[in-house]
Amino acid sequence: EPSGSTSTSITFRWEVPRFDGGTPILEWELRGHRQNGEVFEDYFPHPCTSHTVGGLPEKPSVGEMLLKVTVRARNSVGWSPPSETADGKCSDGPAPHPDRMNKHMRDKGARQNEAV
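Residues numbered from 1 in each chain as written. Predicted model: local features only at pLDDT ≥ 70, side-chain atom pairs only at ≥ 80, totals over all residues. Heavy atoms only, no water.

1. A look at the side chain of Glu27
With respect to the helices and strands, Glu27 occurs in strand 3 (residues 27–34). Residue Glu27 is classed as buried on the basis of its relative accessible area of 19%. At a separation of 2.6 Å, a polar atom in the side chain of Glu27 contacts the side chain of Arg74. Apart from the residues within four sequence positions on either side, Glu27 is in contact with Tyr43, Phe44, Pro45, His46, Arg72, Ala73, Arg74 and Trp79. (Helix = DSSP H or I, 4+ residues; strand = E, 2+ residues; numbered from the N terminus. Buried < 20%, exposed > 50% of the residue type's maximum accessible area, 1.4 Å probe, protein only. Polar contact = N/O pair within 3.5 Å; in protein donor to acceptor, adjacent residues only side chain to side chain. Contact = heavy atoms within 4.5 Å.)

In structure tokens:
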């Protein structure tokens, strides 16, 4: 979920899934598409559960769509499916309500010895 923004960055936060498939989470992938079509991927070791994406255009319009991102987790078995897409928009403060990304990651259940 987007949790805040500045004039040139948006911070995204996510929650750890309820069940990790019996194998601890090793890392996270945040994958996104910028407004200009550029694709980016960033990787973070667990327990990191937030990341700020910078380098956004200066002074966008409030509510202007700047990023579309997903997050997924990796354990020793493999990668989870990506979360619901979260939209990063310019705002003058924190995001007004949570996105479905956190719900997907929190509710994602894995069977024993499966990727999260």
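2. Observations regarding the sheet that holds strand 1 (residues 2–5)
Taken together, 3 strands build an open sheet; the order of strands is 1-2-5 and the sheet is antiparallel. Every interior strand has two partners, whereas the edge strands, strand 1 and strand 5 (50–53), have only one. Strand-to-strand twist in this sheet, taken as the mean axis angle between neighbours without regard to direction, amounts to 20°. The sheet contact formed by strand 2 (residues 10–13) and strand 5 spans 4 bridges and is antiparallel. Note on strand 5: the bridge partner recorded for Ile10 is Val53. (Pairing = 2+ DSSP bridges. Axes fitted to C-alpha atoms, helices over the stretch in contact; angles between N-to-C directions.)

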